[in-house]
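Read off the chains here:
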Amino acid sequence: PEQKLSPEKPRGDPSTDLLFVDTLDLRPEQYRAVTERNSNSKKLLYSYPSLPLPYGQRKRISNAMFAMSQSIPGLTDECAKMLSEARRRDAWDFAVAQLMTQVIVITHCSVEDNSLDGLSKYLLTLGISC
C-alpha cells in the first residue's frame, strides 16, 4: 500500500518524508492556558506552558530521527543516549528538536560547508525556500 503523505510533503525520496509526521488532533490533555506575565519587559508578555507530545508522536519523531542518523556511524547511538538523558530531565521535546536539526545538518552538509548550502538544498527538496 502507498504511504499516506500530508499535502505539504513532496513525493519522491522517502527520506524527505522522515522530517514530517501526519497532523493529529490535539487531545484534551494537551490543551494549556496561556497566561499574561506581570512584567515590565515587552519581550515576553505571555507565559506558555510546555505541551508534551503523546507517546505515539514521540515514537514517530524519534524513529524518523534515528532513520536519518543511520548514515553516520555512531550517530544513532549518540542520539539515543541524549534522548534518554533528556527524558530523565523532562526535556525530551526540546532535545529531539535540537537533535533533529543537528542530524539534518550533519547528514546534508559537508565539513567545508560553512554557509549551509547542503541544508538549503535539502530544504528545497521539501518545498522550503531559503
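Residues numbered from 1 in each chain as written. Predicted model: local features only at pLDDT ≥ 70, side-chain atom pairs only at ≥ 80, totals over all residues. Heavy atoms only, no water.

## Re the pattern of salt bridges
Side chains that differ in charge, positive against negative, can pair when their charged atoms come close.
Turning to step 1, where the next piece is worked out: One pass over the full model with this rule turns up 4 salt bridges.
Turning to step 2, where the next piece is worked out: In this structure, Arg58 and Asp93 form a salt bridge, with 3.5 Å as the shortest nitrogen-oxygen distance. Taken together, the residues span a long stretch of sequence, with Arg58 in helix 1 (residues 55–69) and Asp93 in helix 3 (residues 92–108) at a distance of 35 residues.
Turning to step 3, where the next piece is worked out: Linked by salt bridges that have partners in common, Glu85, Arg88 and Arg89 make up one network. (Salt bridge = Lys/Arg side-chain N within 4 Å of Asp/Glu carboxyl O. Helix = DSSP H or I, 4+ residues; strand = E, 2+ residues; numbered from the N terminus.)

## Focus: the confidence of the model for the protein chain
Turning to step 1, where the next piece is worked out: Averaged over every residue, the pLDDT of the protein chain is 78; residues scoring 70 or more account for 75%.
Turning to step 2, where the next piece is worked out: Element-level mean pLDDT values for the protein chain span from 72 in strand 2 (residues 46–47) up to 93 in helix 2 (residues 75–88). (pLDDT = per-residue confidence, 0-100.)

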